[in-house]
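Residue-level structure breakdown
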Amino acid sequence: MSRSIGLDANVTAYVRGANRAEPPVLERCRLETDAMGDIARMQISPEQGAFLQMCARLVSARTAVEVGVFTGYSALATLLAMRDLHGPQARLFGCDISEPYTAKAREYWVEAGVADQVDLRLGDARETLASLVTEIGGTVDMVFIDADKTGYDDYYEAGLKLVRPGGLILFDNVLWSGSVADAAKRAADPDAEALAALAAKVRGDDRVEMAFTTLGDGILMALKR
């Protein structure tokens, strides 16, 4: 089961009980993904889902991009909040490479009645994002990145071209189970090294306002100036 780093089961249960209940389709997506075994670690926690929904509301997101869709939980959470704000005008562009996993996501989107508001594109995310920059660059309200960690720097640069001023870019797993804080682990792990480099880059980047948070496995937030 996915949960925020450092929280035991009792505190995790309290946090989830303190949040509002997920819609049934969102809960089913989470629980069915949890039952898939070790791969379920790729899914965000429900507290992260609630956080994404609040972020979408704070920036009044109508258009969002997600890099790394998996079985669709984060996309669905975000889109439900966007639909509440903007109805049928809300639109989410999803980037992924897996047909089997995203096929499951499509089932949940259909059940939730939002499938026609998702533009899912399978293929190399760098190529997909380059196309999206041409199509909708400068108009996106929110980008959520939860994919291959060594690609995060490329996705960040593309995200900055996609979002409008005041648009929000979020990166998942920036703590990498704590490995980013250990020099020896960073040296032995290209993912940890890439994540640490990204954190340092965003910290010093005057194109954005930023915050590094410990929610989930760490979420790095960058708000375009």
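Quick look at the structure, then. (Residues numbered from 1 in each chain as written. Predicted model: local features only at pLDDT ≥ 70, side-chain atom pairs only at ≥ 80, totals over all residues. Heavy atoms only, no water.)

Attention shifts here to the overall build of the chain. Secondary structure assignment for the chain yields nine helices and seven strands. For the chain, the C-alpha radius of gyration of 16 Å lies close to 17 Å, the compact-globule estimate for 225 residues. The proportion of buried residues among the 225 residues of the chain is 50%. When the accessible surface of the chain is summed, it comes to about 10300 Å², and 54% of that surface belongs to carbon and sulfur atoms. Separation between the mean location of the 24 positive side-chain charges and that of the 33 negative ones in the chain comes to 4 Å. (Helix = DSSP H or I, 4+ residues; strand = E, 2+ residues; numbered from the N terminus. Rg over C-alpha atoms; globule rule 2.2 N^0.38 Å. Buried < 20%, exposed > 50% of the residue type's maximum accessible area, 1.4 Å probe, protein only. Areas by Shrake-Rupley, 256 points an atom, 1.4 Å probe, with all protein chains shown as cover. Lys, Arg positive; Asp, Glu negative; His and termini not counted. Charge placed at Lys NZ, Arg CZ, Asp CG, Glu CD.)

Within the secondary structure, Met210 is located in strand β6 (residues 208-213). Owing to a relative accessible area of 33%, Met210 belongs among the partly exposed residues under this scheme. Along the backbone, Met210 and Lys224 are 14 residues apart, and their C-alpha atoms lie at a distance of 8.8 Å. Leaving out residues up to four positions away in the same chain, Met210 has contacts with Val202, Arg203, Leu220, Met221 and Ala222. (Contact = heavy atoms within 4.5 Å.)

With that settled, consider the sheet that holds strand β7 (residues 219-224). Within the open sheet, the seven strands sit side by side as β3-β2-β1-β4-β5-β7-β6. Their pairing is mixed. Lying at the two open borders of the sheet, with one neighbouring strand each, are β3 (118-122) and β6. Shown here is a sheet whose adjacent strand axes are inclined to one another by a mean of 15 degrees, direction ignored. Strand direction decides the pairing type here: strand β5 (residues 163-172) and β7, joined by five bridges, are antiparallel. When the sheet's bridge partners are listed, Leu168 is paired in β7 with Leu223. (Pairing = 2+ DSSP bridges. Axes fitted to C-alpha atoms, helices over the stretch in contact; angles between N-to-C directions.)

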